[in-house]
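Residues per chain are reported as follows:
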Amino acid sequence: AQKVTQAQTEISVVEKEDVTLDCVYETRDTTYYLFWYKQPPSGELVFLIRRNSFDEQNEISGRYSWNFQKSTSSFNFTITASQVVDSAVYFCALFRNSGGGADGLTFGKGTHLIIQP
Amino acid sequence: DTEVTQTPKHLVMGMTNKKSLKCEQHMGHRAMYWYKQKAKKPPELMFVYSYEKLSINESVPSRFSPECPNSSLLNLHLHALQPEDSALYLCASSVGTGELFFGEGSRLTVL
């Protein structure tokens, strides 16, 4: 069975602070994909990043960076110099590639990030 | 703008009504999904269609009936729903191994 754990239910920081959202996953598959999605109050889930299980390189995109550590089954997300517009619920998710078809995403419970001005 | 379009955005229905949610994508994706999301909870997978065939049904009650008329369209037919079925229903599509593209969702209220 697959499982994604986001232990931080809610994080509140002041604008311009750096913040890290934690994600720990469990899977027996050797091939899998990890994702981060952002869900603003409007409701739409916005794709942020995909990382496959064979690529442990960290990635930076503007103020966003991701740290994938296969040894600890973690895929953490850091926002540098946070802004009010970053306020949203962030979901970490695991996608299993069974090879036989399209499998769905298993989501963590989400972290509600509040950036205060 | 999202490339997955869901209609209607809001729906209110009684427990005896029959209604449908619609989803459309023109990205050529072979997989389409229905997710249900309750307030302050993560999305939960309901159905997956792959090449227009139902590949996953996550033990969803029969009052929810999915349909995939063609590779671009996905419907969710609703009948005899319960108030606890009130939620945000999200449609998504993907190439099968990549990221899912989500629509803005249909917010359903069952009275």
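All of the points below concern the structure found in this document. (Residues numbered from 1 in each chain as written. Chains lettered and ligands numbered in written order. Predicted model: local features only at pLDDT ≥ 70, side-chain atom pairs only at ≥ 80, totals over all residues. Heavy atoms only, no water.)

So, about unusual backbone geometry. The peptide bond linking T7 of chain B to P8 of chain B adopts the cis configuration, its omega dihedral lying at -10 degrees. Structurally, the position occupied by P8 of chain B is in the loop between β1 (4–7) and β2 (10–13). Phi is positive for K16 of chain A, which is not a glycine, with a value near 85 degrees. Following the sequence through the fold, K16 of chain A ends up in the loop between β2 (10–14) and β3 (19–21). Phi angles above zero are rare outside glycine, and A81 of chain A is one such case at about 50 degrees. (Helix = DSSP H or I, 4+ residues; strand = E, 2+ residues; numbered from the N terminus.)

The side chains of a regular strand alternate, first on one face of the sheet and then on the other. All names here are of chain A. Taken across its six residues, strand β9 (residues 74–79) has five buried, putting it largely inside the fold. Pairing of β3 with β9, which is carried by three bridges, proceeds in the antiparallel orientation. Residue pairing across strands places V19 opposite I79, the latter belonging to β9. Two elements, strand β8 (residues 64–69) and β9, share six bridges in a ladder whose sense is antiparallel. Bridge pairing in β9 places N67 opposite N76. (Buried < 20%, exposed > 50% of the residue type's maximum accessible area, 1.4 Å probe, protein only. Pairing = 2+ DSSP bridges.)

Once that is clear, we can look at the pattern of salt bridges. Opposite charge on two side chains lets them pair, provided their charged atoms get close. Taken as a whole and judged by the stated rule, the model has six salt bridges over all chains. In this structure, the salt-bridge partner of R51 of chain A is D55 of chain A, at a minimum N-O distance of 3.1 Å. Judged by relative accessible area, which is 6%, R51 of chain A ranks as buried. Across the salt bridge formed by R63 of chain B and D85 of chain B, the nearest N and O atoms sit 2.7 Å from each other. In this pair, R63 of chain B is assigned in the loop between β6 (53–57) and β7 (64–70) and D85 of chain B in the loop between β8 (73–79) and β9 (87–94), connecting sequence segments 22 residues apart. For R63 of chain B, a relative accessible area of 24% translates into the label partly exposed. (Salt bridge = Lys/Arg side-chain N within 4 Å of Asp/Glu carboxyl O.)

Before going further, it helps to examine the pairing of β8 of chain A. Residue and element names in this part refer to chain A. On β8, burial follows the alternation: Y64, W66 and F68 on one face are buried, whereas S65, N67 and Q69 on the facing-out side are not. The sheet contact formed by strand β7 (residues 59–61) and β8 spans three bridges and is antiparallel. Within β8, the residue paired with S61 across the bridge is Y64. Counted between consecutive antiparallel strands, the loop separating β7 from β8 contains two residues, among which G62 sits at a positive phi close to 65 degrees. Remark: four residues form the turn of the hairpin made by β8 and β9, two consecutive strands paired antiparallel; S73 in that turn has positive phi of roughly 50 degrees.

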